[in-house]
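Letter by letter, the chains look like this.
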Amino acid sequence: MESFSIIIVTWNALDHLKNYLPSVCKTDYPDYEIILADNASDDGSREWVKQNFHEVKIASLDKNYGYCGGNNRAVPFSEKDILIFLNNDVRVSKDWLNGLSRL
């Protein structure tokens, strides 16, 4: 069975995290991790994630590296086989990874 690292880049997008991250955290799949690549947000994003979703790894970056730079800097935090780069404004169904594992 494949294992997945889901990397989500954010910068001052606490509203998006509040609206969309809960669906990703409710994923029903046996082997995945979520990594938040935070581009030095100052809106409380990291604190909110730490308080509400302790299972999410946070790659706290020292400045805003943009989408590509944030993704690239989060990859070393990954411990799973397959990388998924997910925008911070995506809502998923709880079984979304099951379809990907059959490809």
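Each chain has its residues counted from 1, running along the sequence as written. Predicted model: local features are reported for residues with pLDDT of at least 70 only, side-chain atom pairs are reported and counted for 80 or more only, and whole-chain, interface and lining totals are derived from all residues. The side-chain values count all of the structure's non-hydrogen atoms but skip hydrogen atoms and water molecules.

### Regarding the side chain of Ser23
Part 1 of the argument: Only DSSP runs of H or I reaching four residues or more are called helices, and only runs of E reaching two or more are called strands; each is numbered from the N terminus. Within the secondary structure layout, Ser23 lies in helix α1 (residues 14-25).
Part 2 of the argument: Type-normalised accessible area, obtained with a 1.4 Å probe on protein chains alone, sets the label of each residue: buried when under 20%, exposed when over 50%, and partly exposed for intermediate values. Here Ser23 falls in the buried class, since its relative accessible area comes to 11%.
Part 3 of the argument: Polar contact criterion, stated in full: a pair of N or O atoms within 3.5 Å, where within protein one must be able to donate a hydrogen and the other to accept it, and residues adjacent in sequence count only if both atoms are side-chain atoms. Within the structure, the side chain of Ser23 is placed 3.1 Å from the backbone nitrogen of Val92, a separation counted as a polar contact.
Part 4 of the argument: The criterion used for residue contact is that any of the two residues' heavy atoms lie within 4.5 Å. Among residues more than four places away in sequence, those in contact with Ser23 are Val90, Arg91 and Val92.

### Considering empty space enclosed by the protein
Part 1 of the argument: Points on a 1 Å grid, built from protein atoms alone, make a cavity when a 1.4 Å probe fits but cannot get out and make a pocket when they are open with protein on both sides within 12 Å along at least 5 of 7 lines; residues with an atom within 4 Å of a point are the lining residues. Grid points are joined across faces, edges and corners, and a volume is the space filled by probe spheres set on the points. Across all of its chains, the model carries 1 cavity of 30 Å³ or more by this definition.
Part 2 of the argument: Approximately 40 Å³ is the volume attributed to the largest cavity.
Part 3 of the argument: Taken together, Ile8, Leu17, Tyr20, Leu21, Val24, Leu86, Asn87, Asn88, Asp89 and Val90 make up the full set of residues lining the largest cavity.
Part 4 of the argument: Counting residues per element, the lining of the largest cavity draws most heavily on α1, which supplies 4 residues.
Part 5 of the argument: Charged residues are taken to be Asp, Glu, Lys and Arg, nonpolar residues to be Ala, Val, Leu, Ile, Met, Phe, Trp, Tyr, Cys and Pro, and polar residues to be all remaining types, Gly included. Partitioned by chemical class, the residues of the lining of the largest cavity number 7 nonpolar, 2 polar and 1 charged.

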